[in-house]
Amino acid sequence: MSKIAIIGATGRAGSQLLEEALRRGHSVVAIARNPSALQGRDGVTVKALDAKDSAALQAAVTGCDAVLSAAHFSTIEPEAIIEPVKRAGVKRLLVVGGAGSLLLPSGHRVIDSPDFPEAYKAEANAGVRFLDTLRQEPTLDWTFLSPSAEFVEGQRSGHYALGKDHLLIGADGKSWITFADYAIAMLDELEKPAHSRARFTVGY
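From a predicted model like this one, the values you see are computed outputs, not experimental measurements.

S.K.: Looking at this structure, how should I read helix 3 (residues 78-87)?
M.R.: An α-helix turns once per 3.6 residues; consequently, residues spaced three or four apart project the same way. Burial in helix 3 covers these residues: Pro-78, Ile-81, Ile-82, Pro-84 and Val-85. On its buried face, helix 3 sits against strand 1 (3-7), helix 2 (54-61), strand 4 (66-69), strand 5 (92-96) and helix 4 (121-135). A positive backbone phi angle near 80° is found at Gly-89, which sits one or two residues after helix 3.

S.K.: Sorry, what's going on with the layout of surface pockets here?
M.R.: The probe, sized like a water molecule, is rolled over the atoms to show the empty space still left. Within this model, the largest pocket holds a volume of roughly 1,200 Å³. In terms of lining residues, the largest pocket is bounded by 40 residues, among which Arg-12, His-72, Gly-97, Glu-123 and Phe-151 are the most central. Considering every element that reaches the lining of the largest pocket, the biggest residue donor is helix 1 (residues 12-23), with three residues.

S.K.: Whenever I open this one, the UniProt feature "domain: NAD(P)-binding" (unreviewed entry) in the chain confuses me. Can you help?
M.R.: Sites flagged by UniProt as "domain: NAD(P)-binding" (unreviewed entry) map to residues 8-188. Between the first and last C-alpha atoms of residues 8-188 the distance is 19 Å; the span itself is 30% helix and 19% strand.

S.K.: Can you walk me through the side chain of Arg-199 in this structure?
M.R.: Topologically, Arg-199 is positioned in strand 10 (residues 198-203). You can call Arg-199 buried: its relative accessible area is 3%. A polar contact of 2.9 Å, which involves the side chain of Arg-199, links it to the side chain of Ser-101.

S.K.: What am I meant to see in the packing of helix 2 against helix 3 here?
M.R.: A packed helix pair is summarised by two numbers, namely the angle formed by the two axes and the spacing between the axes. The geometry of helix 2 relative to helix 3 is characterised by a closest axis approach of 8 Å and an angle of 50° between their N-to-C directions. Viewed along their axes, helix 2 and helix 3 adopt a mutual orientation that is oblique. Classified by chirality, the crossing of helix 3 by helix 2 is right-handed. Packed against helix 2, whose contacting residues are Ser-54, Leu-57, Gln-58 and Val-61, the element helix 3 presents Ala-80, Ile-81, Pro-84, Val-85 and Arg-87 at the interface. Partitioned by chemical class, the residues of the contact of helix 2 with helix 3 number six nonpolar, two polar and one charged.

S.K.: Would you mind going over the environment of Pro-78 with me for this structure?
M.R.: By the element assignment, Pro-78 lies in helix 3. Sequence separation of Pro-78 and Ala-126 is 48 residues, and the distance between their C-alpha atoms is 8.8 Å. Beyond its immediate sequence surroundings of up to four residues, Pro-78 is in contact with Arg-129, Phe-130 and Thr-133.

S.K.: In this structure, what is going on with the pairing of strand 4? I would like to understand it.
M.R.: For a regular strand, side chains alternate in direction, first toward one face of the sheet and then toward the other. With burial as the criterion, each face of strand 4 is covered, one bearing Ala-66 and Leu-68 and the other bearing Val-67 and Ser-69. Relative to strand 4, strand 1 is paired through four bridges, and the arrangement is parallel. Bridge assignment links Ala-5 to a residue of strand 4, and that residue is Val-67. Where strand 4 meets strand 5, four bridges bridge the pair, whose relative direction is parallel. Bridging from a neighbouring strand, Val-67 pairs with Leu-93 of strand 5. This β-α-β element, strand 4 to helix 3 to strand 5, shows right-handed connectivity.

How each quantity is defined
- Residues numbered from 1 in each chain as written.
- Predicted model: local features only at pLDDT ≥ 70, side-chain atom pairs only at ≥ 80, totals over all residues.
- Heavy atoms only, no water.
- Buried < 20%, exposed > 50% of the residue type's maximum accessible area, 1.4 Å probe, protein only.
- Helix = DSSP H or I, 4+ residues; strand = E, 2+ residues; numbered from the N terminus.
- Contact = heavy atoms within 4.5 Å.
- 1 Å grid on protein atoms, 1.4 Å probe; cavity = no way out; pocket = protein on both sides within 12 Å on 5 of 7 lines; lining within 4 Å.
- Points joined across faces, edges and corners; volume = space filled by probe spheres on them.
- UniProt positions renumbered as here; feature names shortened; annotations may be inferred.
- Polar contact = N/O pair within 3.5 Å; in protein donor to acceptor, adjacent residues only side chain to side chain.
- Axes fitted to C-alpha atoms, helices over the stretch in contact; angles between N-to-C directions.
- Parallel < 35°, antiparallel > 145°, perpendicular 65-115°, else oblique.
- Left-handed = near helix turned anticlockwise from the far one by under 90°.
- Nonpolar A, V, L, I, M, F, W, Y, C, P; charged D, E, K, R; others polar.
- Pairing = 2+ DSSP bridges.
- Right-handed = clockwise from strand over helix to strand, strands pointing away.

Now the structure itself:
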């Protein structure tokens, strides 16, 4: 079993990554600004810090086998996560991505579609920048997992479909994935890497 650091461990995606990791017997370093709700949980080491604190983040992830980042892209620059992870000697960084950079059947990016919500553009553009930065990273073993268009609360079904750079759209015309099933796909990738130094996507 692995020792995994999760940045943003109390958020909607991060909390499901934590639950899935514990379910599989991994130990977790839970990193969040206010992780007090996680105190006392078996298998969890709590680190209360702001991920922008480079020295603190490096110290928190040192000794981990992998780092999973569920930080919001608009709140932190890519280098603020990538560089401390590298300095700590952690070999793998798996990132909770966004759907904005995925391609539609037309070949255009989701973020460039006319009906893309204005309220989500800042976060989506920051996610595109994070992916572009990873693609230029020379040494780190990174993975960027984009969810489907709708990333929502819901049941852990244990079922999902994978894609590469195109948005997954079901037969019903919906593009969605629950946080719980997303977490399964991410932990599957952690345990059996199939997308080293690449982006992929998950949906139904």
